[in-house]
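For reference, the chains in residue letters:
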Amino acid sequence: MSMKFTLLLLLLGLGFASHAAEPRPAKPNIIVMMADDMGVGDTSAYLGIRLSPKSEPIARTLRTPNLEAFAKQSVVFTDAHAPASMCSSTRYSLLTGRFAHRAYLKNQGWLPHGPNTPMIQQAMPTMPGMLRQNGYATAGIGKYHVGMDFDDGFGEVADEYDFSDVDFTKPFLDGPTHHGFDEYFGVTGNTEDPLDLEPRIYIRNDRWAFTDRSNMKRIGMKKREGRVLAMPDWNLAKLGPDYLRESKEFIARQSQSENPFFLYYVPNANHFQRHPSGDYAVPDQIAGATIKGASRYSDDAAAGDREDMVLENDVAFGELLKTLRETDDPRWPGHKLIENTLVIFTSDNGPNMGDNLGPNQESGGLRGKKAKIWEGGIRVPMIVYWKGHIEGGKINRSVSSLTDLYATLAKVVGHSLAPYEAQDSHDSLAYWTGEKQGEDKRARVFFCHLGPPYSNDALALRVGSEKLVIEGGLALPSIEKGKRGASIAALYYDLDSDLYETGEGVPERNSARAESLAGELLKIHNRGYAREIDLSSNGELVVDPGWHNLRNDLTGDVGFEFTVRESKQVTHLGLWDDHDRDTPVRPARAIPTGHDRDQPSMAGDPKKRRLKATHVVRLVTWGGKESASEMVRCDFSEGTTGELDGEFRYLALNEPISLESGKRYGLLMSTTAGDGDSFHDPAAFDGLSPLTHPDVTIIRSLMVRDGNLTEPNPIPSFEDLHPSYDSHRLPVGPTLRLNSK
């Protein structure tokens, strides 16, 4: 053997060895495929599985061979939930890591027909934005459905009900690329011809894919006949195949990139697609597989058009997996993409057919369906695979919610959540991998129940196996016949023993526990977050002022009652100083709507912050009528009194004031209607709530008139509300600084 040939073999060997020794990239690619209106009984991945240890195995499902095969390699979750029983609210929650009911959409879980204000403010952090911040290429393909703003040709938001004022040549004023997606292909929302007026035109990134209005056709059915704009070649049956093509092309592009990718794949199937030819637009084929008429149940019985749409998703998902298995990983030479891609398959809510009140096969025998707060409306399939971490054909019984994806994926990619990010999202990675085996008792809230017997804004709380449903009026206090901001228990179940929710009401033996859970839900709702937030404070009581609406409509003292967890000393009193250009988004006592959403305050030049009137900030004790008394006060004169720290002004006390654990205190700020200095309303509509010092517990917001400390009142709202409405809330106005005693 020649020396040259020996050297060549040696070099080749070293090359192979270097490939073999190449470390696995720390950040996996991530694919989330979320089907529409699919229950756990709609896939044979759950055939024979018990949804709880004491329940019966699921005896009959649709046959979904690709999902079934995938499940045998992955982890199948039996207690996974959509955040809401309807589509738009689930998408909002998944993308923001906030509970579904925190969006402005509170009277139902889906965006109504016609133009819709974006549910996500542009200042709101999103999961794709977080991933992009961590080096990911981010793409969304399919149904967006969280609201968009279109240009009317003059830089303003088009608002005609039939989209007649939209300038299709202009980029979107607000769309997917404003919320963390590098690219997006799909449709704006639902596509039912007798209902939805959204143009039947694909969107690509920040623009319409077809722009010539003169060549658009008019479609629609019944009351919408001739009113829906569509591109010339619009064909509902092509949605699935077009989405799959775009997804494969995105993966092909990323196979040439050194960056990890995130794909949010959200087909319209199997949502109703009512059109002149039927309820569903079933393609003949997708990826070479026959779809029309091909669906079967697990007992080989023939199924129908809806089930064909489920099969369409199954085939599309299988084709995505095939692409991952066959495509080389550019970040890990010698390996395929599937070896370092975290794949999640799930659904946006329960099935769109069946009995509203009883059990359904499509939901795996659970009670209810889409648009109901029972398990059939919110418990969904979730199957997860990540080679070396989450695999092996295992069953996972931990409670999970799609709201948790934000914090869990942040953990996967090594991102530390900021306090204002994903405030209701629990990092569940240790439960997904099996590192933690015990019951996950962190609270999760679910939204929306259309139709009797509860109001539309009914909420459900899960804590471990316990489930509580509360009547309407907490999420939307103005709702007709609601409870005006109270948390009133309507149903209590222990799902370990009653998975199928067979009872009604709250059994007497569980009444105390139900009341306790209702109190926990009230606290989570009113304070604005559920997860543990690591707040670093330099002693400020109000660490972050939040986004609540601005008010300057009251005369008296506004403030809040609070306690401290351990003894502290107060060194400064302060107050919030609004930016000169800050304005309210709605009148102070108006009922909020989707057109006047909460927004963050103005930041920037400190010279733009200046008090326009004189104010007194007082710290008081609050031990009942006999012992209410003032401890200390500071006078803030007009102008630039005191030290400006961010958005707050402070004055130092002559000597520190001691606060003791177990005692109640009040902090008040004088205000005069129309004096030019605003404070934040105590209640959020859809914005971020204020964050306070971790050693301070806020009891309630309040108002004092005529200096009468013995009879504090609620801060007036749009109408008289239940006393619970004020609990755990504070108006951002007065504040203070603390030191440990």
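Residues numbered from 1 in each chain as written. Predicted model: local features only at pLDDT ≥ 70, side-chain atom pairs only at ≥ 80, totals over all residues. Heavy atoms only, no water.

Student: Please clarify how the overall build of the protein chain should be interpreted in this entry.
Tutor: The number of helices and strands found in the protein chain is 10 helices and 33 strands. Over its C-alpha trace the protein chain gives a radius of gyration of 28 Å, about what one expects of a compact globule, namely 27 Å for 741 residues. A principal-axis box enclosing the C-alpha atoms of the protein chain has dimensions of 90 × 75 × 60 Å. Within the protein chain, the proportion of its 741 residues that are buried is 61%. Within the protein chain, contacts between residues separated by at least 24 positions form 74% of all contacts whose residues are at least 6 apart in sequence. Total accessible area on the protein chain is roughly 27900 Å²; 48% of this is exposed by carbon and sulfur atoms. When the 83 positive and 103 negative side-chain charges of the protein chain are each reduced to one mean point, those points stand 2 Å apart. (Helix = DSSP H or I, 4+ residues; strand = E, 2+ residues; numbered from the N terminus. Rg over C-alpha atoms; globule rule 2.2 N^0.38 Å. Buried < 20%, exposed > 50% of the residue type's maximum accessible area, 1.4 Å probe, protein only. Contact = heavy atoms within 4.5 Å. Areas by Shrake-Rupley, 256 points an atom, 1.4 Å probe, with all protein chains shown as cover. Lys, Arg positive; Asp, Glu negative; His and termini not counted. Charge placed at Lys NZ, Arg CZ, Asp CG, Glu CD.)

Student: How should the confidence of the model for the protein chain be read in this particular structure?
Tutor: Detailed conclusions should not be drawn from predicted coordinates in areas where pLDDT is low. Summary statistics for the protein chain give a mean pLDDT of 94 and a share of 97% for residues scoring 70 or more. Long-range and interchain partners of residues 3-19, a stretch whose pLDDT sits below 50, account for 3 contacts in this model, where long-range means more than four residues apart. (pLDDT = per-residue confidence, 0-100.)

Student: How should the packing of aromatic side chains be read in this particular structure?
Tutor: We describe a pair of aromatic rings using the distance from one ring centre to the other and the angle between the two ring planes. In total, this model carries 20 aromatic pairs according to the counting rule given. In this structure an aromatic cluster arises from ring pairing among Phe150, Phe163, Phe168, Phe172 and Trp208. When the ring centre of Phe685 is taken as reference, the NZ or CZ atom of Lys106 above it lies at 5.3 Å. One cation-aromatic arrangement involves Arg737 over Tyr650; the distance from NZ or CZ to the ring centre is 4.0 Å. (Phe/Tyr/Trp six-rings, centres within 6.5 Å; stacked < 30°, edge-to-face > 60°. Lys NZ or Arg CZ within 6 Å of the ring centre and 35° of its normal.)

Student: Is there a simple way to explain the environment of Arg91 in this structure?
Tutor: Among the structural elements, Arg91 can be located in helix α3 (residues 87-96). As for Arg91 and Met231, which are separated by 140 residues in sequence, their C-alpha atoms are 26 Å apart. Of note is the side chain of Arg91, whose polar atom sits 3.0 Å from the backbone oxygen of Lys143. (Polar contact = N/O pair within 3.5 Å; in protein donor to acceptor, adjacent residues only side chain to side chain.)

Student: Sorry if this is basic, but what is going on with the sheet that holds strand β5 (residues 183-187) here?
Tutor: The strands making up a sheet are joined through hydrogen bonds of the backbone, oriented either antiparallel or parallel. Strand order across the open sheet formed by 10 strands is β7-β6-β5-β4-β10-β1-β13-β14-β2-β15, with mixed pairing between neighbours. Each of the sheet's edge strands pairs with one partner strand only, and the pair in question is β7 (207-208) and β15 (394-396). Both strand β4 (residues 137-143) and strand β10 (residues 261-266) contribute to a ladder of 6 bridges, which runs parallel. Bridging from a neighbouring strand, Gly142 pairs with Val266 of β10. Here helix α5 (residues 239-254) sits on the sheet and contacts β1 (29-35), β4, β5, β6 (203-204) and β10; the angle it forms with β10, its principal contact strand, is near 175°. On the sheet, helix α6 (residues 305-326) packs against β1, β10 and β13 (341-347) and is oriented at approximately 175° with respect to β13. (Pairing = 2+ DSSP bridges. Axes fitted to C-alpha atoms, helices over the stretch in contact; angles between N-to-C directions.)

Student: Would you mind going over the pattern of salt bridges with me for this structure?
Tutor: Note on pairing: side chains with opposite charge can pair once their charged atoms come close. Taken as a whole, this structure holds 51 salt bridges when the rule is applied. One salt bridge in this structure joins Arg586 and Asp598, with 3.0 Å as the shortest N-O distance. Of the two residues, Arg586 is situated in the loop between β24 (568-576) and β25 (615-621) and Asp598 in the loop between β24 and β25; the sequence distance between them amounts to 12 residues. Pair check on accessibility: Arg586 and Asp598 agree, each one buried. With a shortest N-O distance of 2.9 Å, Arg633 and Glu630 are connected by a salt bridge. Its relative accessible area of 34% is what places Glu630 among the partly exposed residues. Linked by salt bridges that have partners in common, Asp79, Glu375, Arg379, Arg462, Lys467 and Glu501 make up one network. (Salt bridge = Lys/Arg side-chain N within 4 Å of Asp/Glu carboxyl O.)

Student: When you look at the packing of α5 against α6 in this model, what are you seeing that I'm missing?
Tutor: Each packed pair of helices is defined by two parameters, the angle between the axes and the distance between the axes. For the pair α5 and α6, the least separation of the axes is 11 Å and the interaxial angle reads 15°. Considering their axes alone, α5 and α6 lie roughly parallel with respect to each other. Read as a crossing pair, α5 and α6 show a hand that is right-handed. For the pair α5 and α6, contact is made by Gly240, Pro241, Leu244, Ser247, Lys248 and Ile251 and by Glu312, Ala316, Glu319, Leu320, Thr323 and Leu324, respectively. Within the contact of α5 with α6, the residues separate by chemical class into 6 nonpolar, 3 polar and 3 charged. (Parallel < 35°, antiparallel > 145°, perpendicular 65-115°, else oblique. Left-handed = near helix turned anticlockwise from the far one by under 90°. Nonpolar A, V, L, I, M, F, W, Y, C, P; charged D, E, K, R; others polar.)

Student: Hey, could you run me through the state of the cysteines in this one?
Tutor: What we call a disulfide is simply a covalent bond connecting the sulfur atoms of a pair of cysteines. This structure, assessed with the given rule, holds 0 disulfides. Here Cys87 is not disulfide-linked; the sulfur of Cys448 is the nearest cysteine sulfur, at 9.5 Å. (Disulfide = S-S within 2.5 Å.)

Student: I tried to follow the sheet that holds strand β28 (residues 648-659) on my own but got confused; where do I start?
Tutor: With antiparallel pairing, the 4 strands of this open sheet are ordered in space as β27-β28-β24-β33. Both edges of this open sheet fall to β27 (643-645) and β33 (734-740), since each of them pairs with a single strand only. Neighbouring strand axes in the sheet, compared pairwise and without regard to direction, differ in orientation by 40° on average. As defined by bridge partners, β24 adjoins β28 across 8 bridges and the pair is classed as antiparallel. Looking across to β28, one finds that Trp576 is bridged to Phe648.

Student: Any chance you could explain the side chain of His449 here in plain terms?
Tutor: Mapped onto the elements of the fold, His449 is located in the loop between β17 (444-447) and β18 (459-463). Polar contacts involving the side chain of His449 include one to the main-chain amide nitrogen of Ile373, which spans 3.0 Å. Polar contacts involving the side chain of His449 include one to the main-chain carbonyl oxygen of Pro452, which spans 3.5 Å. When sequence neighbours within four positions are dropped, the list of residues in contact with His449 reads Ala371, Lys372, Ile373, Trp374, Tyr454, Ser455, Asn456 and Ala458.

Student: Help me out: how do you make sense of the pairing of β1 in this one?
Tutor: The element β1 is largely enclosed, with a buried count of 7 among its 7 residues. A two-sided burial pattern is seen for β1, the buried positions comprising Asn29, Ile31, Met33 and Ala35 on one face and Ile30, Val32 and Met34 on the other. As paired strands, β1 and β13 are joined by 7 bridges and run parallel to one another. Each bridged residue has a counterpart across the sheet, and for Ala35 the counterpart in β13 is Ser347. Pairing between β1 and β10: 4 bridges, direction parallel. Counted as the bridge partner of Val32 is Tyr264 from β10.

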